[in-house]
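Below are the chains, spelled out letter by letter.
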Amino acid sequence: MNEIAWIDTALAAARPQAIGALLRYFRNLDTAEEAFQEACLRALRTWPRNGPPRDAAAWLIMVGRNAGIDDVRRRGRTQALPPDDVISDLDDAEAGLAERLDGANYRDDILRLLFVCCHPDLPATQQIALALRIVSGLSVKEIARAFLVGESAMEQRITRAKARVAGAGVPFETPGAVERAERLGVVAAMLYLLFNEGYSASGGEAHVRSALCDEAIRLVRLLLRLFPSEPEIMGLAALLLLQHARTGARVDPDGCIVLLEDQDRHLWNGEMITEGLGLIDKAMRHRKPGPYQVQAAIAALHARAARPEDTDWRQIERLYATLERMQPSPVVTLNRAVAIAKVQGPEAALALIEPLADPLAGYFLFFGVRGALLQQLGRTDEARGAFNRAIALANTPAEAAHIRLHIDRLAMNSRSGVDS
Amino acid sequence: MLYAILCYDSEEAVASWSKDQHAGVMTRLGAVQEKLSAQGRLGPVARLVPTTAAVTIRKSQEALVLDGPFAETKEQLLGFFIVECASLDEAIETAQELARANGAGGSYELRPVSVLQSGGL
């Protein structure tokens, strides 16, 4: 790795911690970002000459603080001067600061930084865009590309989101245990959405958007290092890894969706599966189940099956029933129906999804599953009707193409499922 | 004489590598490994999953399973076992059995192995 690449990597790795600390210090997102930017510029100037600092994040926080103070003072917003020991000699100050940062101190900084992006007034996509810009440090251009929108539209979106957050008043006091748990939950939900933004892509977009999945995994690992004993964070990390492991097998070379049971399992990423299985095992030892753990446990059962016919559908059905109790939703019931179809047959599954016709009237997968079940029962005309409805509701050309494949297969009396 | 070469780096920094950086490092390492292997000098090579998947037990209190990696800087790495286990629970039981047999202080850190090459030595 050349020198600039090494510095870039170090700056990217230190970013959440450094901006989190600068935000606590300046209590203003723009100032914190500008201060970090300035510190990075100075790092690029001095690190190649003086060698890397022992603790890159501490160095950036210190230099960023000084730069931000200069800036704030220039603009005449404040008269407060920093204590001498902070600005006089960087090398001396670095040691002390590094030690303080070592503790639990900075985990609340990073959590706060993520939490600030999750302001409830912001739509989910804006929360995600803001987190990618501020916490991950992706450029507006990169984020625009991942969201398949123009650069200026994304620039506007992020600017508006920032203004919203700035006006909202950021919670700067150190959170108590209950508050911390709430923040963790909100941030976890945002990371799950970030992952799904990337995971739901297909066709030509899939390659570009899978970067969002990588970033979600990077951030959830960061969260897990800060909060190593939270079973739901372990569960979320496991869930994302086990799903992302299938990425290489989910879409065929023509951009068509490949169903879970038709995927070439040799294309699954073994390293991600090992990590995911390790994490879900670790989470379940705590005996504090939650929705992410249950979903990860389902993904784990798929991952452990060497062939589709080895899948433990009975256990999957039980897990979906657990998830239904924790988080009642027609989509979860639809997934349970797929498992029921494997264990008890299509008739029982069809009966289970009948009441979902209303709540899922606009959901293409409902008609996809219904069509597949009718098909298995030999009710070909009704199956064709359901598949046509699914095509009309499909969100992407790949989804529509996938359903068309079912219609083509109707005569061949083939199998189907909902997971992919 | 056999030497173990242990790999240390910042997990956060390695996780921030781009796919190209990662592929470059692996290709260059692979070339060295191939040479060593051809010379009949290469034993097992393992890659561990990140420490976020680690648990640790103290040998003196082997019933207590801690989340996270081994973090005591006053103790040094003395050796390691690679054991096939069906689940983390089995791995923990195995480590507890070793802890009882060992009877002394120190810790065992348990980390899933994501890649293992036998090397052929």
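Residues numbered from 1 in each chain as written. Chains lettered and ligands numbered in written order. Predicted model: local features only at pLDDT ≥ 70, side-chain atom pairs only at ≥ 80, totals over all residues.

### Describing the overall build of chain B
When helices and strands are counted, chain B shows three helices and five strands. Helices and strands in chain B line up, N terminus first, as α-α-β-β-β-α-β-β. When burial is assessed residue by residue, chain B has 19% of its 121 residues classed as buried. Considering only intrachain contacts with a sequence separation of at least 6, the fraction spanning at least 24 residues in chain B is 71%. (Helix = DSSP H or I, 4+ residues; strand = E, 2+ residues; numbered from the N terminus. Buried ≥ 20, exposed ≤ 12 C-beta atoms within 10 Å, placed from the backbone. Contact = placed C-beta atoms within 7 Å.)

### Looking at the overall build of chain A
Within chain A, the regular secondary structure consists of 21 helices and zero strands. Taken across its 420 residues, chain A has 44% of its residues classed as buried. A fraction of 64% describes how many contacts in chain A between residues 6 or more apart in sequence connect residues 24 or more apart.

### Quick word on the environment of Phe 80 of chain B
For Phe 80 of chain B, the position within the fold is in the loop between β3 (61-67) and α3 (88-102). Judged by the 13 C-beta atoms lying within 10 Å of it, Phe 80 of chain B is partly exposed.

### Quick look at unusual backbone geometry
All names here are of chain A. The phi dihedral of Leu 148 falls on the positive side, at around 60°, and the residue is not glycine. Here Leu 148 shows up in the loop between α8 (140-146) and α9 (151-168). Take Leu 148: there are 11 C-beta atoms within 10 Å of it, and that puts it in the exposed class. With phi around 55°, Arg 287 is a residue other than glycine that occupies positive phi space. Within the element layout of this structure, Arg 287 appears in the loop between α14 (270-284) and α15 (291-304). Classification of Arg 287 as exposed rests on a count of 7 C-beta atoms within 10 Å.

### A word on the sheet that holds strand β2 (residues 55-58) of chain B
Sheet strands associate in pairs through backbone hydrogen bonding, adopting either a parallel or an antiparallel arrangement. Residue and element names in this part refer to chain B. Sheet architecture is open: three strands sit in the order β3-β2-β4, paired in antiparallel fashion. Lying at the two open borders of the sheet, with one neighbouring strand each, are β3 and β4 (107-110). Strand-to-strand twist of the sheet, defined as the mean angle between neighbouring strand axes without regard to direction, takes the value 20°. For β2 and β4, the ladder comprises four bridges, and the chain directions are antiparallel. Following the sheet pairing, Val 55 is matched in β4 by Leu 110. Set on the sheet, α3 makes contact with β2, β3 and β4; between it and β4 the angle comes to about 165°. (Pairing = 2+ DSSP bridges. Axes fitted to C-alpha atoms, helices over the stretch in contact; angles between N-to-C directions.)

### Structural notes on the nonpolar core
If you look at the biggest cluster of nonpolar residues, it comprises 133 residues, and the most contacted ones within it are Leu 60 and Val 220 of chain A. The dominant element in this core, judged by the number of residues it contributes, is helix α1 (residues 3-26) of chain A, at eleven residues. (Core = buried A, V, L, I, M, F, W, Y, C linked by C-beta atoms within 7 Å.)

### Quick notes on helix α19 (residues 364-376) of chain A
Residues and elements named next belong to chain A. In this model, α19 (13 residues) spans 19 Å end to end at C-alpha, consistent with the 18 Å of a helix rising 1.5 Å per residue. Among the 13 residues of α19, twelve are classified as buried, and the element is accordingly described as predominantly covered. Listed in full, the buried residues belonging to α19 are Phe 364, Leu 365, Phe 366, Phe 367, Gly 368, Val 369, Arg 370, Gly 371, Ala 372, Leu 373, Leu 374 and Gln 375. Gly 378 lies just past α19 and shows a positive phi near 80°. (Expected span 1.5 Å × (residues − 1).)

### Looking at the pairing of β3 of chain B
Residue and element names in this part refer to chain B. Where β2 and β3 come together, four bridges link them in antiparallel fashion. Paired with Thr 56 across the strands is Leu 66, a residue of β3. Counting the residues between successive antiparallel strands, the hairpin from β2 to β3 contains two residues.

### Comments concerning the environment of Gly 345 of chain A
Its place among the elements puts Gly 345 of chain A in the loop between α17 (330-344) and α18 (346-353). On the basis of neighbour count, Gly 345 of chain A is assigned to the partly exposed category, with 13 C-beta atoms found within 10 Å.

### A short note on α3 of chain B
End to end, α3 of chain B covers 21 Å across 15 residues, agreeing with the expected 21 Å (1.5 Å per residue, within 8%). Among the residues making up α3 of chain B, those that are buried are Leu 88, Ala 91, Ile 92, Ala 95 and Ala 99 of chain B. Projection of α3 of chain B onto a plane perpendicular to its axis shows the buried side chains occupying an angular sector of 95°, all on one side. Along α3 of chain B, exposed side chains directed more than 90 degrees from the buried face belong to Glu 97, Arg 100 and Ala 101 of chain B. Buried residues belonging to α3 of chain B abut α14 of chain A together with β2, β3 and β4 of chain B. Just downstream of α3 of chain B lies Gly 103 of chain B, where phi reads positive at about 70°. (Arc of directions from axis to C-beta.)

### Some words on the interface of chain B and chain A
Counting from both sides, the interface comprises 21 residues of chain B and, opposite them, 21 residues of chain A. Listing elements by their share of the side of chain B that touches chain A, those giving two or more residues are α1 (11-15), β3, α3 and β5 (113-117) of chain B. The dominant element in the side of chain B that touches chain A, judged by the number of residues it contributes, is α1 of chain B, at three residues.

### Digging into the confidence of the model for chain A
Predicted confidence across chain A gives a mean pLDDT of 86, with 88% of residues reaching 70 or more. In this model residues 414-418 of chain A is a low-confidence stretch, pLDDT under 50, and it forms 15 contacts with partners more than four residues away in sequence or in other chains. (pLDDT = per-residue confidence, 0-100.)

### Here's the deal with the packing of helix α7 (residues 124-134) of chain A against helix α10 (residues 177-199) of chain A
Each pair of packed helices can be summarised by the angle the axes make with each other and by the distance between the axes. All names here are of chain A. Close contact between α7 and α10 brings their axes to 10 Å; oriented N to C, the two are set at 90°. Between α7 and α10, the angle falls in the class roughly perpendicular. Here Ala 124, Gln 127, Ile 128 and Ala 131 of α7 come into contact with α10, specifically with Met 190, Leu 193, Leu 194 and Glu 197. Split by residue class, the contact of α7 with α10 holds six nonpolar, one polar and one charged. (Parallel < 35°, antiparallel > 145°, perpendicular 65-115°, else oblique. Nonpolar A, V, L, I, M, F, W, Y, C, P; charged D, E, K, R; others polar.)

### Details of the environment of Ala 296 of chain A
All names here are of chain A. For Ala 296, the location among the structural elements is in helix α15. Linking Ala 296 and Leu 239, residues 57 residues apart in sequence, is a C-alpha distance of 4.2 Å. Discounting chain neighbours no more than four positions away, the residues touching Ala 296 are Gly 235, Ala 238, Leu 239, Leu 242 and Ile 280.

### Structural notes on the packing of α19 of chain A against helix α20 (residues 380-393) of chain A
All names here are of chain A. Interhelical geometry of α19 versus α20 gives an angle of 165° and a closest axis separation of 8 Å. By the angle class used here, α19 and α20 are roughly antiparallel. The crossing of α19 and α20 is left-handed. Together, Phe 364, Phe 367, Gly 368, Arg 370, Gly 371, Leu 374 and Gln 375 of α19 and Thr 380, Glu 382, Ala 383, Ala 386, Phe 387, Arg 389, Ala 390 and Leu 393 of α20 make up the contact between the two elements. The class makeup of the residues in the contact of α19 with α20 is eight nonpolar, four polar and three charged. (Left-handed = near helix turned anticlockwise from the far one by under 90°.)

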